[in-house]
Structures are given as C-alpha cells and as structure tokens.
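# Tertiary structure, described
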Amino acid sequence: MIPVVWFWYFVIYSFFGFLLEAAFARASGGRPDRKCLLLLPLCPVYGLGAGAILLLAPLAGNHPARLFLLGGAAATAVEYAVGWWYETFLGVSFWDYTGLPGSLQGRVCLPFSLAWAALSLPLVHFVHPAVRAWVSAVPVPVTLSMAALVLSDLAVSAVLLKVTGDRASLQWYRK
C-alpha cells in the first residue's frame, strides 16, 4: 500500500508542478512549452521535491518556521540533484539559474529556494491532506494502468533526450 500511495503522490505533484510551470511562464513571459515528458503533462522534479518535503515534514513538528527551512532545503536539494542528473546522464538542462542571486552551478538559486520553502507550508497543511484522501480511493487497476503509462513515458522521454540532447524533442506538438 505504501509504494502505491507514493507513486500517486509523485504523479499528482508532478502534474501540479506542470501547472505551476505553465502559470509561471504565462505570468513572467517565460517559456510556455516547458515539458519534461513526451506525452504526459508531468514535471518529475516537482513530484520528487514534494515527496522529499512530505518525508521531512514530521521532523518540523508543529513549527512553521522549521517546516519552511526543511521544506526549502529538501526541495532545493532535489532540484539540484535532478538538474545534475539531467545534465550528466541525458545531456539536457531544463532550467538555468545562472545570474540569479545564490545560484549554484545554475541548478538552484536563492529566490527559487525561498519559493519552494514558502510552498512547503500550504503543501503540507492544505494540499496534501486532500490529496492523501483522494489517493486512498484509487482502484488498483487504475493504479496499474497509470504506472504502466508513466513508466513508459519516462523511458521514452529519457531515450529521446539522451539521443537528441535537446529538450525540444519532447515538443512533438510544435513540429
């Protein structure tokens, strides 16, 4: 049961991350086409970051400042690790914070670390309780089907990125 709910947390928060990326791009005039998978509207770094925040949240107890710090640190560590992994193993970069305050090799920066820290509070206290309730009601066949779809898309996307070295290879809808 535990791996099943964490799979759904990953998928749901990856989807929320995609929505957040689209909203941020629209509001800031940034790239509206940022995708991390070929077919599914998922940004895995958000699913992994949310998972790290949720795993560390119990250590914060009932202290919002502690959750802010732990959540920001967890999400920033995940963002750095995922950025490094994309660059090292797939030869692509989905973001570059070079030139922003506190940038570390362009993979993380202070403004976004503070944003992740601030987002950890509503994630843990408002969003996740609703998601947790919904996930417990998902039937096993739906989970198995979704797992096959997500794993297939992750694999095909990784191969495309590795072969082309270009994240535009995931934008079949623009060609």
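Residues numbered from 1 in each chain as written. Predicted model: local features only at pLDDT ≥ 70, side-chain atom pairs only at ≥ 80, totals over all residues. Heavy atoms only, no water.

This next bit is on the packing of aromatic side chains. Inspection of every chain in the model, using the stated rule, returns 14 aromatic pairs. Their ring planes at 70° and their centres at 5.4 Å tell us that Phe-7 and Trp-8 sit as a pair that is edge-to-face. This pair shows no difference in class: Phe-7 is buried, exactly as Trp-8 is. Here Phe-112 and Trp-116 contribute two aromatic rings whose centre-to-centre distance is 5.7 Å and whose plane-to-plane angle is 40°, an arrangement assigned as tilted. Of this pair, Phe-112 and Trp-116 both sit in helix H4 (residues 110-135), four residues apart, roughly one helical turn. For Trp-116, a relative accessible area of 11% corresponds to the buried category. Aromatic ring contacts, followed pair by pair, group Trp-84, Trp-85, Tyr-86, Phe-89, Phe-94 and Trp-95 into a single cluster. Stacked on the ring of Tyr-80, the Lys or Arg Arg-107 has its end atom at 5.0 Å from the ring centre. (Phe/Tyr/Trp six-rings, centres within 6.5 Å; stacked < 30°, edge-to-face > 60°. Buried < 20%, exposed > 50% of the residue type's maximum accessible area, 1.4 Å probe, protein only. Helix = DSSP H or I, 4+ residues; strand = E, 2+ residues; numbered from the N terminus. Lys NZ or Arg CZ within 6 Å of the ring centre and 35° of its normal.)

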